[in-house]
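# Coordinate inspection notes
Each chain, written out:
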Amino acid sequence: MKKRRYLVSIVILLLALPMLSVKHNINPVSAQLPLPPGVPRGDVLVVENHWGTYIDPTDFNFKVPGKPATGGNGFQQLCAAFLWYINTTTGKPINWLAAGPPEYSDDFKTVKFYIRKGAYWNDGTPFTAHDVVFTIETALKTEEWGTHAFAETWIESARALDDYTVEIHLKKPYPRFHYAFTVIIYGCSWWIVPKHIWEGKDPVSFKFYPPLSIGPYNLKSVDPAGNWFLWEREENWWATKLLGLKPSPKYVLYIHQGPDEKKALAMTRHELDCLRTLLPEAAEMVIKGNPYIIGWRRTAPFAWPYDACVKGIGFNVMRYPYNITEVRRALTFAINFTNIYEAFRGVDGSLPSVTPLPIVPYPFAWKAYFEPLKDELVELGLDPKTWWWKYDPEYAEELLKSVGFKRGADGKWLLPNGEPWKIVITGPSGFEMESARLGFLTAEEWRRFGIDVEVELVEAGVFSARNAKGEEDVGTRWPGCSLLLDLTPHLQWLCSKYYDPLAPGHGWNIFDFPRREELDSLIEEMEMTPTTDTDKLIELARKVLLIWAEQMPNICYFPTPFYTLQDTYVWDGWPTYPDNYYMDPVSWWAQHMFVILKLYPTGNVPTKEALPRPGVELPEEKPPVTVPEELTEAISKLSSDMTDVKSSIDEVTTKVSELSDTVATLERKVGELTTLSTITYAEAAIIVILIIGLVVVARRK
Amino acid sequence: MSLRTSKKDLIEYVVTRTIFYIATIFTSVTLIYVLFKFMPVDAVENIIFQLTSAVGGVYDPESVMELRRNLYEMFGLSGGNPIESYILFLQRVFTFNFGPAFISFPTPAFQLVLSRLPWTIGLLLTSTIITWTLGNLLGLIAGYFQNRKFAKVLEAVAIIIYPIPYYVMALILILLFAFLIPIFPLGGGMSIIPEKITLDVILNIIWHSLLPALSLMIPGALGWSFISARTLAIETLSKDYTRYAWIRGLPSRHILRRYVLKNILVPQTTVLALSLGGVFSGAVLTEVIFAYPGVGMLAYRATFSGDLNTLMAVLILSIFAVATSVFLLDLLYPLIDPRIKHR
């Protein structure tokens, strides 16, 4: 018996030993990543594939709608050809493959795009106006492309005036036509295709695999199972030659690890360098488990408060009683916003950025819209302390009673016809968990006010269908998204001309109210105002926002905080607010390319081909001047004068520099003298005695 | 005379079962059609929702209206006569041409399912067979030696494990063997760059499948298979014919193999056949948790996107697989169990 026990113990020990040794031998930061043989972890940036498993990972024809997201596999961050980007921190454009801003004719029916000279695809073929024209013409011809509808609606024709100028004739005036070609929020469906690759191919079934890149990386390998995509640095990239930009990581790996818990485990083990967001519980696990974690800020609170969409509650104004403005307003004033706000306080102290309006309160938007509208909003019921609508249940009661609602014997609200009033809030299930949470919190507030409320969570497919078709009374919604200072594209949906009977939504744009005509005409005026006329656009947008606030078709809370965590163990140089705020930490957006270009290895893990800290700043070019031909000479003269002025400035600069040197020398001497002054009297006495001694010796000689 | 009757019975039996088989498929397929008609999902609105929410409303409203009409046309969702669409549906089902997948247009939906099938079959077929074999074997031994200590320990373990849902087991295994003792990957199908099929690639795929397989096998083998086999074994041991075998002095191995095992195999084979049929529909939760690229994951994606064509392909394949397994089982039953006649 004893012998047997002894044998069993030996066997258990023998089994346990290899497990322990395995644990010790595995490098926790590279154990399970799909890297080529011999590639150290320090050469690889690991980004979350936020989309998940790609059903066909070799299909890069994202022109056909319904495909997976372009931000999950790195296509839009590392490979695709975009003309312009918007810097998420300033709302200002970055000219990328376009040499400058577009040039519109006076009637906004013709637009010219100027292409950057010297840019080329990664196979060496120059990127030209012909690629742009080919992309537009293919979109016009191909009904199956997602961009076809836009092309069909707006574009009459497109032609290349030369290799670097595209002229597009529009069917009707459109001053912000180029927005379609700009990466504003997340991505842009008008990425340019390489003509020499796509020409002669069926634009629908062609998979564009491997994709020809014009970005800093080329696709090296994909997981046949669709979870990861590995990109390798292009050593001969056009932007290295033209702009001096070169990314440090030799490889970028986009990987899907599974649900939140597994992403958190991966990040804790330094197997994931950045991600889109985590549920607060999972974020807490990473923050506690990985001391190298940072977020939107370098220190807590970490969450990014400016996701581009405001989350809130939408009322279906096509359904009774939500077509009554007093009802919507009453439901808003019945909410104690502090409860909702505090419910989103993260473990690290993160809090959302409040907005009573359907726009995101970026710092630049705050100055342009929120502060100037404060007095009018206060008149409409804003509480200036919380910057949200005041909690005023008495006023809410008054409003409801004014339109015939009454309370029953049990204190619950009844409809004017005496029937019990029940609100069903539709929310998303299995995705956008923050919205579902907002649904429950709102329900709790209304219940406390005496309304019977139920929250019904539905899957994505059902949620989008119900939203679009208006098959709900009240739903958790994204009442507004914004990133630009020009709010036209963000607010134009409110105009009645965009009512689609196939997808009426919550019916706001056909909702009839006394200021409907005024609202429509304001939006139409915004649409026809050039993007450069910022003052006018801001003024018009403020008026639209005030009408919106009067009517309150939705309740806006805030963009829900995103835990866009970034690990500084392997890489640093991440954007952080406020000290290094060159871009937002949006790893799933196309703009993340600019973040990757700023990263550098920390030295905590071995590297082989990772480059040291990049010294070049991201491009912030002045737009090239495009002028009518008759002014060319004047421009030329002006530029030669400018050259003279520049040389004079250079001279002055040199002299100033010399003077600075002199000042510096003087400062140093004064410093020395000051130092001298700090010498003790005894030291001074010794020096004086020595000098006297020297003088005496000299005299004797 | 007896032989003739037997042949006639056999033919009658096969014909009846075949009719049942066809009727089962036809009814299930029709139910699927009705279900799809009432499903409140809309692939087009899903795509538009994704587009407009992804770009945050920076999308020209007129174009969106135009795009919506185009997509309804492109996906063939513009409506139509319900009888005509039902006939078209049946045609699609019986030709296995389910139309293009909306989530990978214009790739045929069935082709997508076929591309995912080897992953699922590799994982589920192996784990189902191992689970079934191991569970029954342990159950048989635990039942036969019900008073021994190890049998009691096994029973206690099974009672603890049986109520644990397999997806919770999956998370426990991940925490244990992919984080605390990181000897398995967190998920995925493979983690090396597959230039060509080599031993390394195969081993890597197996390494990735082990945790998902264990998460299915542990609750399976020590759960239902074990408990049912053990109960059946105990019940068989108490039967008169088994007691008689003991009295006759037959060796215990002989009793175990011929009397107990053979008797518990009959109901357990039914379970196996149904499980094997279910292999084709994938294991959705396991595949999602482990980011495993099988049919379950495909069905999950298709459901979320409102891609009815792909979902239809998965469901129809599953219906065919389960119905065929049951049909084959019905035909094989008389061979396994002599008590079942062709009647």
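Quick caveat, the model's predicted, so the values are computed rather than measured.

## Focus on the overall build of chain B
- Per the secondary structure count, chain B includes 13 helices and zero strands.
- Each helix (α) and strand (β) of chain B, taken in turn from the N terminus, gives the series α-α-α-α-α-α-α-α-α-α-α-α-α.
- Principal-axis analysis of the C-alpha atoms gives chain B an extent of 90 × 65 × 40 Å.
- Residue burial in chain B is summarised as follows: out of 343 residues, 49% are buried.

## Structural notes on the domain arrangement of chain A
Residue and element names in this part refer to chain A.
- Partitioning chain A into structural domains gives domain 1 (42-79 + 215-304 + 563-615), domain 2 (84-202), domain 3 (320-558) and domain 4 (629-700).
- Using C-alpha coordinates to define each centre, domain 1 is positioned 27 Å away from domain 2.
- Contacts between the two partners involve 35 residues from domain 1 and, on the opposite side, 29 residues from domain 2.
- Buried surface at the junction of domain 1 and domain 2, both sides included, amounts to about 2500 Å², of which 62% is carbon and sulfur.
- When the buried surface of domain 1 facing domain 2 is broken down by residue, K63, W238 and Q591 rank first, second and third, together holding 33% of it.
- Here domain 1 and domain 2 share zero salt bridges between them.

## Comments concerning the nonpolar core
Residue and element names in this part refer to chain A.
- In this structure, F127, F177, W421 and W446 are the most contacted members of the largest nonpolar core, which totals 182 residues.
- Counting residues per element, this core draws most heavily on helix α18 (residues 534-551), which supplies nine residues.
- Sequence-distant contacts of F177, that is, excluding residues within four places in its chain, are made with Y104, V111, F113, F150, W154, I155, I168 and L170.

## What about the sheet that holds strand β11 (residues 251-255) of chain A?
All names here are of chain A.
- With respect to topology, four strands assemble into an open sheet ordered β1-β11-β10-β9, the strand pairing being mixed. Both edges of this open sheet fall to β1 (44-48) and β9 (217-222), since each of them pairs with a single strand only. On average, each strand axis in the sheet is tilted by 25 degrees relative to the strand beside it, whichever way the strands run.
- Two elements, β9 and strand β10 (residues 228-233), share five bridges in a ladder whose sense is antiparallel. Residue S221 lies in a different strand from β10, and its bridge partner there is L230.

## Focus on the packing of aromatic side chains
- This structure, assessed with the given rule, holds 79 aromatic pairs over all chains.
- Each ring, one from F75 of chain A and one from W191 of chain A, has its centre 4.9 Å from the other, and the planes form 75 degrees; the classification is edge-to-face. Of the two residues, F75 of chain A is situated in helix α2 (residues 75-78) and W191 of chain A in the loop between β8 (182-183) and α5 (195-198); the sequence distance between them amounts to 116 residues. There is no split in this pair, since F75 of chain A and W191 of chain A are both buried.
- Relative to W387 of chain A, the ring of F370 of chain A lies with its centre 6.2 Å away and its plane at 65 degrees, an arrangement referred to as edge-to-face. In this pair, F370 of chain A is assigned in helix α11 (residues 363-370) and W387 of chain A in the loop between β14 (382-383) and β15 (388-389), connecting sequence segments 17 residues apart. Side by side, F370 of chain A and W387 of chain A carry an identical accessibility label, which is buried.
- An aromatic cluster of three or more residues is present, and its members are Y54, F60, F62, F75, W145, W191, W198, F206, F208, Y209, F229 and W231 of chain A.
- It is R276 of chain A that lies over the ring of W588 of chain A; its NZ or CZ is 5.4 Å from the centre.
- Between the NZ or CZ atom of R301 of chain B and the centre of the ring of W51 of chain A, over which it lies, the distance is 4.5 Å.

## Examining the state of the cysteines
- Taken as a whole, this structure holds one disulfide over all chains when the rule is applied.
- C79 of chain A takes part in no disulfide bond, and the closest cysteine sulfur to it belongs to C188 of chain A, at a distance of 14 Å.

## Concerning the packing of helix α5 (residues 109-144) of chain B against helix α10 (residues 252-278) of chain B
Residues and elements named next belong to chain B.
- With their axes 10 Å apart at the nearest point, α5 and α10 run at an angle of 145 degrees to one another. As for how α5 packs across α10, the hand of that crossing is right-handed. Two secondary-structure elements touch here, α5 through L125, T128, I129, W132, N136, L140 and Y144 and α10 through S252, I255, L256, V260, L261, I264, L265, Q268, T269, L272, S275 and L276.
- Its residues assigned to classes, the contact of α5 with α10 comprises 13 nonpolar, six polar and no charged.

## A few points about the pattern of salt bridges
Residues and elements named next belong to chain A.
- What the rule picks out here adds up to 37 salt bridges over all chains.
- In this structure, D260 engages K263 in a salt bridge whose closest nitrogen and oxygen atoms are separated by 3.7 Å. Of this pair, D260 and K263 both sit in helix α7 (residues 260-268), three residues apart, which is roughly one turn of that helix. Both residues of the pair, D260 and K263, count as buried.
- R298 is the salt-bridge partner of D572, the closest N and O atoms lying 2.5 Å from each other.

## Overview of the environment of I293 of chain A
Residue and element names in this part refer to chain A.
- Inspection of the secondary structure assignment puts I293 in strand β12 (residues 293-294).
- Taking C-alpha positions, I293 is 9.4 Å from C274, a pair spaced 19 residues apart along the chain.
- Not counting residues within four places of it along the chain, the set of residues in contact with I293 comprises M267, V286, I287, F302, L565, Q566 and D567.

## A short note on the confidence of the model for chain A
Residue and element names in this part refer to chain A.
- Mean pLDDT for chain A: 87, with 83% of residues reaching 70 or above.
- Taken element by element, the predicted model of chain A shows its lowest mean pLDDT in helix α1 (residues 2-25) (45) and its highest in α5 (98).
- Across residues 10-31, confidence stays below pLDDT 50; counting only partners more than four residues off in sequence or on other chains, it has 20 contacts.

## Notes on the interface of chain A and chain B
- On the chain B side, the residues contacting the 84 residues of chain A number 69 residues.
- Between chain A and chain B, the buried area comes to about 6100 Å², and carbon and sulfur atoms account for 66% of it.
- Applying the counting rule to chain A against chain B returns zero salt bridges.
- Here chain A is connected to chain B by eight residue pairs in polar contact (both at pLDDT 80 or more).

Each value, and the rule that gives it
Residues numbered from 1 in each chain as written. Chains lettered and ligands numbered in written order. Predicted model: local features only at pLDDT ≥ 70, side-chain atom pairs only at ≥ 80, totals over all residues. Heavy atoms only, no water. Helix = DSSP H or I, 4+ residues; strand = E, 2+ residues; numbered from the N terminus. Buried < 20%, exposed > 50% of the residue type's maximum accessible area, 1.4 Å probe, protein only. Domains from an automatic or database assignment. Contact = heavy atoms within 4.5 Å. Buried area = accessible area lost by both parts, 1.4 Å probe. Salt bridge = Lys/Arg side-chain N within 4 Å of Asp/Glu carboxyl O. Core = buried A, V, L, I, M, F, W, Y, C linked by side-chain atoms within 4.5 Å. Pairing = 2+ DSSP bridges. Axes fitted to C-alpha atoms, helices over the stretch in contact; angles between N-to-C directions. Phe/Tyr/Trp six-rings, centres within 6.5 Å; stacked < 30°, edge-to-face > 60°. Lys NZ or Arg CZ within 6 Å of the ring centre and 35° of its normal. Disulfide = S-S within 2.5 Å. Left-handed = near helix turned anticlockwise from the far one by under 90°. Nonpolar A, V, L, I, M, F, W, Y, C, P; charged D, E, K, R; others polar. pLDDT = per-residue confidence, 0-100. Polar contact = N/O pair within 3.5 Å; in protein donor to acceptor, adjacent residues only side chain to side chain.

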